[in-house]
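Residues per chain, in single letters:
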Amino acid sequence: MVDGYLFRLAVRNALRNRRRSLFTLTSILLGVSLFIVSRSFVDGIDATLIAIEVDNESAHVRVVPRDYLAEEDYQPLDKPLTDVSALAATLSAIAPGTRVVDRVSFAAEVGDGRRILRCRGLVVDRDAYRAVFPVGDLPVPMGDEPYLWAGTGIAETFRWKPGDRIFLKAKTRRGTLNALDAVRFAGAIATGHPLVDNYTIVLPREIGAPFLDLPEGFATEVLARFPEPALALVAESRLEAPDGQTVVETWEERTRDFREVNQIRRAAFNIVVGLILLMAAAGVANTALMSAIERTREIGTLMALGLTPARVRRLMTIESLVIAFVGAAVGALIGSLYAHHFAVHGLHFPELEQAEAITLVPPVLYFDLRLSTILQGAAFGLGTALVAALWPAFRASRLSPIEALREND
Amino acid sequence: MHTEAPANGDIVVRLEKASRIYNPGENEVRAMDAIDLEIRRGEFTALVGPSGSGKSTLLHCLGCLDAPTAGRVTIAGQDVTQGLTAAQRGEIRNRSIGFIFQSFNLIPVLTAYENIEFALQINGTLNARQIRERVDEMLALLGLTAQRDRRPNQLSGGQQQRVAIGRALAKRPALILADEPTANLDRKTSEDIIALMRRMNEQLGATFVFSTHDEHLMNHARRIVRLTDGRIVNETHHDPAPASHG
C-alpha cells in the first residue's frame, strides 16, 4: 500500500532535476523498447518459420515408416507405409476439421533438353494436397498430356511458362528407369519454403502412379493438419505403434533445429538488452543516490516530522519507480509501435530474396508482437529500477536525523 | 517582574540527571551535563546561552532526535532514554513533537498548504476532511490564507517561518521545539514570529520551548532557562512582554 501523500511528494521530487531524470528515464525507455523489438523479432522468426514449415511441407504431423526415415534423403520407394487408409482414418477421427493427405516422395530429374536438375518429386492427390497446404490453384491443363507443377525456384531456373514441355526422369518402385520427354509444365508453386520452391516438383496421382508403377493406396508419408496445433500430441500418442515401426513427427519436432538456432539469437539479444538495462540500473542508482545526498537536510526534516525510516525508504523507492514507470511505459509504447509496424508490413531482406540456398531466415520476416512480451519488457524495466533504487533508499533511511539536519548548516 | 513557577500542570517532558557526552574519553565533550528539567503543559520557555552551551543538544534530547548517554528522559509519560529503534523514535516525534527550525526547512516542492497538510498526513490521526479543515484553520490563524498555494521560494522568510509554525502546531503535539527560530529573520519579523508563537501558546495552549541568543526576544518567555557548558545555571519565571504583534 502506497501512501498517497508519499506518492505526490515522490512525483514532485522526480521532477526536480528534470535533466537527470530524463537521462535515467531514457535509459529505461531504450532497454524496454529494445527488449520488445528484439523479442518480437526473434518470436517472429520462430512463428514465420513454423508457419512456413507447417503450411508448406510437413503440416502438423507427418507419419512415416521408421526404416524409411533412415534413408529419407534417397527417397526410396521400397519402404512404404502399410495400411494408409487406416492411418488416414485414425488421423481424421482426432478432431472435426482435420485434413489429411498421403504422398509419395521420389528422386527425380527434370530438364529442358539442355540442362538437368535433380530434385524431389511428390505424387499427391491434388484436392487433398490443396486442402492441407495453401499452395494455390494448381491449375490443370487441357488435354490428355501428362503434366506437373514445380516450385517457383525451379520454374525460374528453367524459365518455364505454363504449357512448356519438359523432361522428367525417375526410378520406378521396381528400380527401373522411366522417363517422359513431353510433360507439360502446369504452373509454379510459390510457398516461401525453400525446399518446396527450389527443389520440388509435384505430380498428380493419376500421372505419378503409373509413371512410378505404384499400386493403389501406395504412400511413403501421411500428413495431417488439425484445427489446433496442440492436437499433434494426441496424434502422436495414438499412432506411435508399439513395435516402433511407424514414426509420428510433430511440427514441434520438425522445427526443433531452427528453433534452437533461434534460441541463440534470443540469447544474444538478451545480452544486449541486459547491458542496456544495466546502464539504466546505474542511472537509476546514481539519480537516487544524488537525490538523497542533495536532499540530506530535507530527509532529516522529514524524519524530525515523524517520517519513519521505512517510509523514507518507500519515498525514495517510489521516486525511482516513478521515473522508471514513465520510461517503461513510453518504452513499451515505442517498442510496441515499432514491432507492430513490422508485424503488419514485415521486414524485408532483399539479399535473401535473391539467395538460392536454403536459409534459416525467410526473406520477409513478420514480427510476432505478443502482450506477454510487452508486459515482460515493462516488468524488466520496473524491476531493474526497483533493484537499483534499493540501496540508495536504504542508505537514506539510515541517516541520523541530527546529522541530516546539520547538513549545509 | 519575576513570578512564581507554575504550581501545577501536566509534565510534558522530564529530564533527570540527563547528560550527553560526545567522544567519551580524553577528548570528550559534555554537551549536556546532569540536567534536571521539567516542562509543563502550556509553558512558553526560552533556552538561552552562548554558542556551545548545550541549547541545541538539549532541544534534540527533548525532541527525541537524540538520546542522553546518562540519566533519563521522559516524553509524555514515556521513557525514551535508550533502547528505542529509529522507527519508534520517529513515531514518538510524529505523535508528540513539533519542530520549528532556524532555516524554516519547508519542503520546497510543496505549497504552504501542502507543507502543513503533509505533517498531518504523516501523523495519520485525522481523515481527509478533518485535515482540510485543520490546515485551513491554521492558515487563517497564521494570516497566510492568501499565500496558501505558494511554494516556499515564493514566500518571504517571515512567511516561511509562519508556515513552519503552522506545520509544527497543526497536529496539536504535546511539545513544540524551536531551535533559534528567528536567527535568519530581521528584527521586526523576529518580533512578529515570537509574538505569533506566544499567541498560539495562549490561544491553543501549545507548549513551546525555544532557544535564542537574542536578549530582547527571550523577554517574551514566561520561563527562561540559562545554560552554560551544558549545565543549567539559572532559571527564572516572569511575566513576559505583551504579545502585541501578529
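Position numbers for residues start from 1 in each chain and track the written sequence from start to end. Note on labels: chains are lettered from A, ligands numbered from 1, in written order. In view of the model being predicted, local features appear only for residues whose pLDDT reaches at least 70, and side-chain atom pairs are presented and counted only at 80 or more, with totals across whole chains, interfaces and linings using the full set of residues.

Looking only at helices and strands, chain A features 16 helices and 11 strands. Expected size for 409 residues packed as a compact globule is a radius of gyration near 22 Å; at 31 Å, chain A overshoots this value by more than 25%. Along the three orthogonal principal directions, the C-alpha set of chain A runs to about 105 × 50 × 30 Å. Counting only residues that meet the buried cut, chain A has 44% of its 409 residues in that class. Sequence separation of at least 24 residues holds for 82% of the intrachain contacts in chain A that already meet a minimum separation of 6. To qualify as a helix, a DSSP run of H or I must reach at least 4 residues; to qualify as a strand, a run of E must reach at least 2; elements of each kind are numbered from the N terminus. Throughout, the radius of gyration refers to the C-alpha atoms, and the reference size of a globule is 2.2 Å times the residue count to the power 0.38. Exposure criterion: with C-beta atoms placed from backbone coordinates, a residue whose C-beta has 20 or more other C-beta atoms within 10 Å is buried, one with 12 or fewer is exposed, and one in between is partly exposed. For the purpose of contact definition, each residue receives a C-beta atom placed from its backbone, and two residues are in contact when these atoms lie within 7 Å.

Attention shifts here to the overall build of chain B. Within chain B, the secondary structure is distributed over seven helices and 10 strands. Taken over the C-alpha trace, chain B has a radius of gyration of 18 Å; the compact-globule value for 246 residues is 18 Å, and the two agree within 12%. Considering only C-alpha atoms, chain B reaches an extent of 55 × 45 × 35 Å along its principal axes. With 246 residues in all, chain B has 49% of them scored as buried.

Another point: the interface of chain A and chain B. Counting residues at the interface gives 18 residues for chain A and 18 residues for chain B. Residue assignment for the side of chain A that touches chain B shows that the elements contributing at least two residues are α1 (4–14), α12 (296–305), α13 (309–345) and α16 (401–406) of chain A. For the side of chain A that touches chain B, the element with the highest residue contribution is α12(A), accounting for six residues.

Residues and elements named next belong to chain B. Pairing between two strands requires that DSSP report at least two bridges joining them. The strand order β2-β1-β4-β5 describes an open sheet built from four strands, whose pairing is antiparallel. Each having just a single partner strand, β2 (29–40) and β5 (78–79) make up the two edges of the open sheet. As paired strands, strand β1 (residues 11–22) and strand β4 (residues 70–75) are joined by five bridges and run antiparallel to one another. Counterpart to Val-13 in the pairing with β4 is Ile-75.

For the rest of this paragraph, the subject is the sheet that holds strand β9 (residues 223–228) of chain B. Residue and element names in this part refer to chain B. Spatial ordering of the open sheet is given by β6-β7-β8-β3-β9-β10, a layout of six strands whose pairing is mixed. Of all strands in the sheet, those with a lone pairing partner are β6 (97–100) and β10 (231–237), marking the two edges. Taken over all neighbouring pairs, the strand axes of this sheet differ in orientation by 20° on average, direction set aside. Strand direction decides the pairing type here: β9 and β10, joined by six bridges, are antiparallel. Within β10, the position partnered with Val-225 by the bridge is Glu-235. Note on geometry: axes are C-alpha line fits, over the in-contact stretch for helices, and angles between N-to-C directions span 0 to 180 degrees.

With that settled, the discussion passes to the environment of A:Gly97. If you trace the backbone, A:Gly97 turns up in the loop between α4 (84–92) and β2 (99–111). As for A:Gly97 and A:Arg225, which are separated by 128 residues in sequence, their C-alpha atoms are 8.6 Å apart.

This next bit is on the packing of helix α3 (residues 112–123) of chain B against helix α5 (residues 157–170) of chain B. Geometry of a packed helix pair, given as the angle between the helix axes and the separation of the axes. All names here are of chain B. The contact between α3 and α5 brings their axes to 8 Å, and the two run at 25°. In terms of orientation, α3 and α5 fall into the roughly parallel class. As for how α3 packs across α5, the hand of that crossing is right-handed. Residues Ala-112, Asn-115, Ile-116, Ala-119 and Leu-120 of α3 lie in contact with α5, whose contacting residues are Val-163, Gly-166, Arg-167 and Ala-170. Each angle receives one of four descriptions, namely roughly parallel if under 35 degrees, roughly antiparallel if over 145, roughly perpendicular if within 65 to 115, and oblique otherwise. Whether a crossing is left-handed or right-handed is set by the direction in which the near helix is turned from the far one by less than a right angle, anticlockwise for left-handed and clockwise for right-handed.

Another point: the domain arrangement of chain A. Each domain's extent was defined by an automatic or database domain assignment. Domain boundaries assigned for chain A yield domain 1 (4–54 + 257–406) and domain 2 (61–228). Here the C-alpha centroids of domain 1 of chain A and domain 2 of chain A sit 51 Å apart.

Here we come to the packing of α5(B) against helix α6 (residues 187–204) of chain B. All names here are of chain B. In the contact formed by α5 and α6, the axes pass within 10 Å of each other and the chain directions differ by 20°. With respect to α6, the element α5 is oriented roughly parallel. Helix-helix and strand crossings are classified by hand; for α5 and α6 the assignment is right-handed. Residues Gly-157, Gly-158, Gln-161, Arg-162, Ile-165 and Leu-169 of α5 form the contact with α6, whose participating residues are Thr-189, Asp-192, Ile-193, Leu-196, Met-197, Met-200 and Leu-204. Residues were grouped as follows: Ala, Val, Leu, Ile, Met, Phe, Trp, Tyr, Cys and Pro as nonpolar; Asp, Glu, Lys and Arg as charged; and all remaining residues, including Gly, as polar. For the contact of α5 with α6, the residue count by class is seven nonpolar, four polar and two charged.

Before going further, it helps to examine the nonpolar core. Where a protein is soluble and globular, its nonpolar side chains tend to be buried together. For this entry, the nonpolar core is defined as buried Ala, Val, Leu, Ile, Met, Phe, Trp, Tyr and Cys residues connected by C-beta atoms within 7 Å. Formed by 127 residues in total, the largest nonpolar core has its most connected members in A:Val32, B:Ile165, B:Leu175, B:Ile176, B:Leu177 and B:Val209. Leave out the neighbours within four places in its chain, and B:Val209 touches B:Ile39, B:Thr45, B:Leu47, B:Leu59, B:Leu62, B:Leu175 and B:Leu177. In terms of nonpolar packing, the next biggest core, distinct from the first, is built from 57 residues, A:Leu77, A:Phe133, A:Tyr147 and A:Val202 among them.

Residues and elements named next belong to chain B. Over its 18 residues, α6 extends 25 Å from the first C-alpha to the last, a length consistent with the 26 Å expected when each residue adds 1.5 Å. The set of residues buried in α6 consists of Ser-190, Glu-191, Asp-192, Ile-193, Ile-194, Leu-196, Met-197, Arg-198, Met-200 and Asn-201. Where α6 is buried, its residues contact β3 (44–48), α5, β8 (208–212) and α7 (215–218). Looking one or two residues past α6, Gly-205 carries a phi angle of roughly 75°, positive in sign. The span you would expect from a helix comes to 1.5 Å times its residue count less one.

Locating B:Leu141 in the fold gives a position in helix α4 (residues 128–142). Taking the C-alpha atoms as reference, B:Leu141 lies 9.8 Å from B:Arg162; in sequence the two are 21 residues apart.

This part is about the confidence of the model for chain B. Residues and elements named next belong to chain B. Summing up the model confidence of chain B, the mean pLDDT is 88 and the portion of residues at 70 or higher is 93%. Confidence scores labelled pLDDT are given residue by residue by the predictor and lie between 0 and 100. Averaged over each element, pLDDT in chain B is lowest for α7 (80) and highest for α3 (95). In the predicted structure, residues 1–8 sits below a pLDDT of 50 and forms 11 contacts with residues beyond four places in sequence or in another chain. Scored as a complex, the prediction yields pTM 0.77 and ipTM 0.89.

This part takes up the environment of A:Ala378. All names here are of chain A. As for its position among the elements, Ala-378 is in helix α15 (residues 371–397). Linking Ala-378 and Ala-170, residues 208 residues apart in sequence, is a C-alpha distance of 58 Å. Residue contacts for Ala-378: discarding those within four places in its chain leaves Val-32, Ala-328, Ala-329 and Ala-332.

Only a minority of non-glycine residues have a phi that is not negative, and only a minority of peptide bonds are not trans. All names here are of chain A. The phi angle at Arg-159 is positive, at roughly 55°, despite the residue not being glycine. Mapped onto the elements of the fold, Arg-159 is located in the loop between α6 (152–158) and β5 (165–171). Accessibility expressed as a C-beta count within 10 Å gives 8 for Arg-159, which makes it exposed.

All names here are of chain B. For β3, the buried fraction is high: five of the five residues fall into the buried class. In β3, alternate side chains face the same way, and those of Phe-44, Ala-46 and Val-48 on one face and Thr-45 and Leu-47 on the other are all buried. Taken together, the five bridges between β3 and β8 define a ladder with parallel strand orientation. The partner of Leu-47 across the bridge, within β8, is Ser-211. Alignment of β3 against β9, held across four bridges, turns out to be parallel. Its bridge partner lying in β9, Ala-46 is registered against Ile-224.

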